[in-house]
Amino acid sequence: MSDPPANPNAWRPADLEAIRRALLIPVTSPALRAINDAMAQLERSYSEAIPGAKASLDAIAVIDAGLAAGGTPAEPFVIKTTRKAAAGPVPAELPKKKLDVIEYATELLMEEVSTEYAEPTASSYGLNPAAQRRGHVANLLLILPGLVSWCPPAPTPFSGTLIRS
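Source: prediction; values computed, not measured. (Residues numbered from 1 in each chain as written. Predicted model: local features only at pLDDT ≥ 70, side-chain atom pairs only at ≥ 80, totals over all residues. Heavy atoms only, no water.)

Asks: How should I be thinking about the overall build of the protein in this particular structure?
Replies: Within the protein one finds five helices and two strands. Residues classed as buried in the protein amount to 20% of the 165 residues present. Here the analysis covers contacts within the protein between residues at least 6 apart in sequence; of these, 78% occur between residues at least 24 apart. Total accessible area on the protein is roughly 12500 Å²; 60% of this is exposed by carbon and sulfur atoms. (Helix = DSSP H or I, 4+ residues; strand = E, 2+ residues; numbered from the N terminus. Buried < 20%, exposed > 50% of the residue type's maximum accessible area, 1.4 Å probe, protein only. Contact = heavy atoms within 4.5 Å. Areas by Shrake-Rupley, 256 points an atom, 1.4 Å probe, with all protein chains shown as cover.)

In structure tokens form, the structure reads like this:
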């Protein structure tokens, strides 16, 4: 006998810890209670958002695993593909004499495909793992807004120590 299919609109047992790790929330009783309360409230009020939250948690776990392993270079990706082809169907019998070939306009028979690739770099838009992680964390916080106050504050570029001379 097979198990019944899992409810996609229900939390998995490991989701509480995944949320805690994804949002970098400390391990304290009040913090864990807040996560549990936010999960229960979402399940009661808008359970259709749980698959999106689980997808963000899975994506964050994959990114964290890649960052912990040192990351592997990504495959080159396609920037642009252009194609030039015959304007119409190619006839069954092509011209054989030189004069017929000149009259036929052979450029209509040629097909040219060119593809431009780019090597991914850390500065490539959308490929930076830290930026991807921040995006998934932002999505998770939109779904569970009660946990925003439990996240550590993000460092700002304007913070630092005051040095008097």
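Asks: Honestly, the side chain of Arg133 in this entry has me stumped. Any pointers?
Replies: Take Arg133: it is sitting in helix α5 (residues 129-143). A residue is classified by how much of its surface remains accessible, and Arg133, at 14% relative accessible area, is buried. Excluding residues that lie within four positions of it along the chain, Arg133 makes contacts with Arg21, Ala22, Leu24, Ile60, Ile63 and Asp64.

Asks: How should the nonpolar core be read in this particular structure?
Replies: Of all hydrophobic cores here, the largest spans 22 residues; its most connected members are Trp11, Ile19, Leu23, Leu140, Leu144 and Leu147. At the level of elements, α1 (15-22), α2 (29-45), α3 (50-68) and α5 are the ones that each hand at least two residues to this core. In contact with Leu147, not counting residues within four places along its chain, are Ile19, Leu23, Ala34, Ile35, Ala38 and Leu141. (Core = buried A, V, L, I, M, F, W, Y, C linked by side-chain atoms within 4.5 Å.)

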